[in-house]
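The chain contents come next:
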Amino acid sequence: MTEFSFWDILRNLLLAARWTVVLSLVSFIGGGIVGAALLFLRIGARRGMRVLSRGYIQLFQGTPLLMQLFLAFFGLGLFGIDVPAWLAACIALILWTAAFLAEIWRGCVESIAKGQWEASASLGMGYLQQMRYVILPQALKVAVPPTVGFSVQVVKGTALTSIIGFVELSKAGSIVTNATFQPFTVYGLVALIYFALCWPLSKSSQLLERKLNVAHRNH
Amino acid sequence: MSLIAITEVKKRFGDNEVLKGISIDVARGEVVAIIGKSGSGKSTLLRCINGLETIDQGSIVVAGAQFLPDEVHLKALRLKVGMIFQQFNLFPHLTAGGNVMLSQMVVKKTPKEDAEAVARKMLDRVGLAHKFDALPDELSGGQQQRVAIARALAMQPIALLCDEITSALDPELVAEVLAVVKELAAEGMTLVMVTHEMRFARDVCSRVVFMHQGRVHEIGAPEDVFANPRTPELRQFLGVQ
Ligand SMILES: Nc1ncnc2c1ncn2[C@@H]1O[C@H](COP(=O)(O)OP(=O)(O)O)[C@@H](O)[C@H]1O
Ligand SMILES: [Mg+2]
């Protein structure tokens with residue numbers, strides 16, 4: 001059996017952490033795009049679409065991410081579709097992230113004062129024009145802190161994909177532990193790496209929030 | 001022919017009938033004050049004229065065009081009548097100039113240079129040419145309301161609706177806004193304004209409408225309405241016995 005030095009452990013974990021980062025980015029960007037589409041359906045003029053997107057959001061917010069991962073991984077397998085772990089992980093995380101972002105952003109759009117809608121309507125703007133030029137520019141600003149804050153949940157959410165066999169930071173942690181029998185060192189390092197990824201995100205979310213509050217002080 | 005013809009307009013919110021058959025004709029160049037207790041339906045009436053609310057019965061005709069509750073007609077209506085709100089409702093992410101330019105460019109597709117020229121002219125008209133680049137946050141309430149007036153004027157409406165436009169202002173800022181309105185009236189702009197400024201209504205308005213419980217309770221020249229209120233409700237409202 002080969003001997004693992006501390007640096008071997010750290011190097012292996014850091015290499016695996018790359019996949020945590022990649023998966024987080026893919027989930028966040030993909031989830032952002034799907035989430036934006038969901039948002040427009042959710043607050044749009046068509047009733048059927050509103051109901052549909054609300055149902056989607058409730059479904060994904062109301063079930064554990066773990067189940068969603070299982071369903072994406074094993075469920076599609078039942079139909080004879082062979083889904084590799086990385087693909088199942090991406091699909092499940094993107095759909096899950098989309099549901100939460102759509103809901104966060106809906107709150108931001110609805111936080112814009114009713115008077116903004118009325119003033120822009122009284123100037124003759126149509127719905128899309130109001131959205132494009134008046135509501136979204138303001139909502140986007142409000143949305144930045146909670147969105148950055150939610151990215152922390154995405155990073156932590158990627159840890160669950162270890163269960164379907166995707167080798168990211170957590171999975172690498174258990175593999176390395178099995179080889180080294182040093183669970184405390186290994187999981188301690190795993191935790192530190194997660195912290196190093198998440199802390200800057202939550203800290204910047206806080207800072208952004210504070211900055212925004214200062215900017216809105218005069219309202 | 002009247003510029004704004006409001007005929008037997010009814011409006012209800014659920015069980016609450018807020019407008020119970022309102023008829024008012026406003027001639028071109030007229031300045032009409034609407035007074036009345038809170039909850040008497042004044043704002044709702046203005047919002048109906050601007051198409052922010054749909055009406056249940058009756059008709060509103062502005063410059064010969066009938067109010068119909070579809071996008072095309074609503075937009076046409078809103079282009080004819082501008083509206084100023086109690087809370088200013090400036091777009092906080094745009095400068096004063098940007099506020100005045102936006103709807104010209106977006107709705108009327110005016111090229112940017114022309115929109116800017118109009119914006120500068122309109123801001124000058126309300127005495128704020130030097131605030132073109134200021135954000136709403138950096139302006140006083142009175143200045144914000146004057147920008148809102150410039151923004152509405154930039155769309156070249158044939159009438160302006162003002163809903164308690166000085167009620168959210170500190171007392172010392174009321175005069176500067178009323179001065180702008182007075183000037184507009186002198187230039188011949190048709191104005192329908194809900195107001196609590198009785199002195200202003202008396203001095204500037206050609207007619208006063210007293211609304212009570214969703215109806216036009218009294219209507220007439222300010223001299224008559226203020227000096228000889230006929231109904232106990234108006235007398236009570238004016239605080240005379
Ligand atoms: N969007 C709305 N939904 C339900 N009720 C409303 C709405 N807008 C106004 N009302 C009701 O209509 C009545 C008249 O309101 P409003 O026109 O604002 O009166 P005013 O401007 O004279 O104070 C009030 O009883 C108010 O509660
Ligand atoms: Mg009102």
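For clarity, every value in this text was computed on a predicted model and none was experimentally measured. Residue numbers run consecutively from 1 along every chain, following the written order of its sequence. Here the convention is simple: chains get letters from A, ligands get numbers from 1, in the order in which they are written. Confidence filtering applies because this is a predicted model: local features only for residues at pLDDT of at least 70, side-chain atom pairs given and counted only at 80 or more, and all residues used for totals across whole chains, interfaces and linings. Each side-chain value is worked out from all heavy atoms of the structure, with water and hydrogens disregarded.

Right, let's get into the overall build of chain A. Comment: elements are numbered from the N terminus, with helices defined as DSSP H or I runs of at least four residues and strands as E runs of at least two. For chain A, the helix and strand inventory stands at eight helices and zero strands. Each helix and strand of chain A, ordered N terminal to C terminal, gives the series α-α-α-α-α-α-α-α. Reported as C-alpha extents along the three principal axes, the dimensions of chain A are approximately 75 × 50 × 20 Å. Pairs of residues are marked as contacts when any of their non-hydrogen atoms sit within 4.5 Å. For chain A, restricting intrachain contacts to residue pairs at least 6 apart in sequence, the fraction spanning at least 24 positions comes to 75%. Values of accessible area rely on a 1.4 Å probe in the Shrake-Rupley scheme; residue burial ignores everything except the protein chains shown. Of the roughly 11,700 Å² of accessible surface on chain A, 70% is carried by carbon and sulfur atoms.

Let us now look at helix H6 (residues 171-186) of chain B. All names here are of chain B. Each helix should span, by expectation, one fewer than its residue count multiplied by 1.5 Å. The terminal C-alpha atoms of H6 lie 24 Å apart, and with 16 residues this matches the ideal 22 Å at 1.5 Å per residue to within 8%. Relative accessibility decides the category of a residue: with a 1.4 Å probe and only protein chains considered, values under 20% of the type maximum give buried, values over 50% give exposed, and everything between is partly exposed. Among the residues making up H6, those that are buried are Leu173, Val174, Val177, Leu178, Val180, Val181, Leu184 and Ala185. Along the long axis of H6, the arc covered by the buried residues comes to 155°, so they all point the same way. Turned more than 90 degrees away from the buried face of H6, the exposed residues are Glu172, Ala175 and Ala186. Regarding the arc, it is the one traced by the directions from the helix axis to the C-beta atoms.

Time to look at the site of ligand 1. Residues and elements named next belong to chain B. Throughout this document, a residue counts as near a molecule or strand when at least one of its heavy atoms sits within 4 Å of that molecule or strand. Around ligand 1 lies a shell formed by Phe13, Asn16, Val18, Lys37, Ser38, Gly39, Ser40, Gly41, Lys42, Ser43 and Thr44. Counting of polar contacts relies on pairs of N or O atoms within 3.5 Å, with two restrictions inside protein: one atom must be capable of donating a hydrogen and the other of accepting it, and residues adjacent in sequence are counted only when both atoms are side-chain atoms. The contact in question runs from an oxygen atom of ligand 1 to an N or O atom on the backbone of glycine 41, over 3.1 Å. Between ligand 1 and threonine 44 there is a distance of 2.5 Å, counted from an oxygen atom to a side-chain nitrogen or oxygen. The nonpolar class holds Ala, Val, Leu, Ile, Met, Phe, Trp, Tyr, Cys and Pro. Asp, Glu, Lys and Arg form the charged class, and all remaining residues, Gly among them, are polar. Tallied by class, the residues present in the shell around ligand 1 amount to two nonpolar, seven polar and two charged.

On the surface, a cluster of nonpolar side chains totalling about 380 Å² of accessible area is made up of Val21(A), Leu25(A), Ile29(A) and Ile33(A). Here Leu25(A) lies in helix H1 (residues 6-43). Every patch collects residues that have over 30% relative accessible area and no salt bridge, joining them within 9 Å if they carry like charges and within 5 Å if they are nonpolar side chains (Val, Leu, Ile, Met, Phe, Trp, Tyr). Take a side-chain nitrogen of Lys or Arg and a carboxyl oxygen of Asp or Glu: if they are within 4 Å of each other, that pair is a salt bridge.

At the interface, 23 residues of chain B touch 18 residues of chain A. Defined in terms of a 1.4 Å probe, buried area is the accessible area two parts forfeit on being brought together, summed over both. For the pair chain B and chain A, the two sides together bury roughly 1,800 Å², of which 60% comes from carbon and sulfur. One salt bridge in this structure joins Glu118(A) and Arg47(B), with 2.8 Å as the shortest N-O distance. Inspection of the region where chain B meets chain A yields five residue pairs in polar contact (both at pLDDT 80 or more). Within the residue set of the side of chain B that touches chain A, elements represented by two or more residues are helix H2 (71-80), strand S6 (81-84), helix H3 (96-107) and helix H5 (141-153) of chain B. Broken down by element, the side of chain B that touches chain A gets its largest block of residues, four residues, from H3(B). Per-class residue counts for the side of chain B that touches chain A are 13 nonpolar, four polar and six charged.

Mapped onto the fold, Ser53(A) is located in helix H2 (residues 47-61). In this view, Ser53(A) contacts Leu38(A), Leu41(A) and Arg42(A); residues no more than four positions away in its chain are not counted.

Moving on, we get to the UniProt feature "domain: ABC transmembrane type-1" (unreviewed entry) in chain A. The UniProt record annotates "domain: ABC transmembrane type-1" (unreviewed entry) at residues 17-205 of chain A. Span residues 17-205 of chain A is 83% helix and 0% strand, its end C-alpha atoms 22 Å apart. UniProt positions are given in the numbering used here, feature names are shortened, and annotations may be inferred rather than shown by experiment.

With 13 residues, H5(B) extends 18 Å between its outermost C-alpha atoms, agreeing within 8% with the 18 Å of an ideal straight helix rising 1.5 Å per residue. Burial analysis of H5(B) places 13 of its 13 residues in the buried class, the great majority of the element.

Inspection of every chain in the model, using the stated rule, returns ten salt bridges over all chains. Across the pair Arg106(A) and Glu110(A) runs a salt bridge, and its minimum N-O distance is 3.1 Å. Of this pair, Arg106(A) and Glu110(A) both sit in helix H4 (residues 85-110), four residues apart, which is roughly one turn of that helix. For the salt bridge of Arg47(B) with Glu53(B), the shortest nitrogen-to-oxygen distance reads 2.9 Å. Counted as one network, the salt bridges with shared partners bring together Lys114(A), Glu118(A), Lys11(B), Arg47(B) and Glu53(B).

For any two helices packed against each other, the geometry comes down to the angle between their axes and how far apart the axes lie. Residues and elements named next belong to chain A. One can describe the packing of helix H3 (residues 65-78) onto H4 by two numbers: an axis separation of 9 Å at closest approach and a directional angle of 135°. By the angle between their directions, the pair H3 and H4 is classed as oblique. In terms of crossing hand, the pair formed by H3 and H4 is right-handed. Contacts from Leu65, Gln68, Leu69, Ala72 and Phe73 in H3 reach Ala85, Ala88, Ala89, Ala92, Leu93 and Trp96 in H4. In terms of residue class, the contact of H3 with H4 is built from ten nonpolar, one polar and no charged. Orientation is described by axes fitted as lines to C-alpha atoms, over the contacting stretch for helices, and by angles from 0 to 180 degrees between their N-to-C directions. Comment on the angle field: the value is read as roughly parallel under 35 degrees, roughly antiparallel over 145, roughly perpendicular from 65 to 115, and oblique elsewhere. Each crossing is labelled by how the near helix is turned from the far one, with a counterclockwise turn of less than a right angle marking it left-handed and a clockwise turn marking it right-handed.

To continue, consider unusual backbone geometry. Backbone phi values are negative for most residues with the exception of glycine, while trans is the configuration of most peptide bonds. Residues and elements named next belong to chain B. A positive phi angle, close to 55°, is found at asparagine 89, a residue other than glycine. Looking at the secondary structure, you find asparagine 89 in the loop between S6 and H3. Unusually for a residue other than glycine, glutamine 156 sits at a positive phi of about 50°. You can see glutamine 156 is positioned in the loop between H5 and strand S7 (159-163).

This part takes up the nonpolar core. Grouped together as the largest cluster of nonpolar side chains are 67 residues, with contacts concentrated most on Val109(A), Ile4(B), Ile6(B), Leu19(B), Ile34(B), Leu45(B) and Leu46(B). Ranked by residues supplied to this core, first place goes to H4(A) with eleven residues. Ignoring sequence-local partners within four residues, the contact set of Ile34(B) consists of Lys42(B), Leu45(B), Leu46(B), Val192(B), Met193(B), Val194(B), Thr195(B), Val209(B) and Met211(B). Counting residues in hydrophobic clusters, the runner-up holds 50 residues, among them Met101(B), Phe132(B), Val180(B) and Val225(B). Remark: nonpolar core denotes a set of buried residues (Ala, Val, Leu, Ile, Met, Phe, Trp, Tyr, Cys) joined through side-chain atoms within 4.5 Å.

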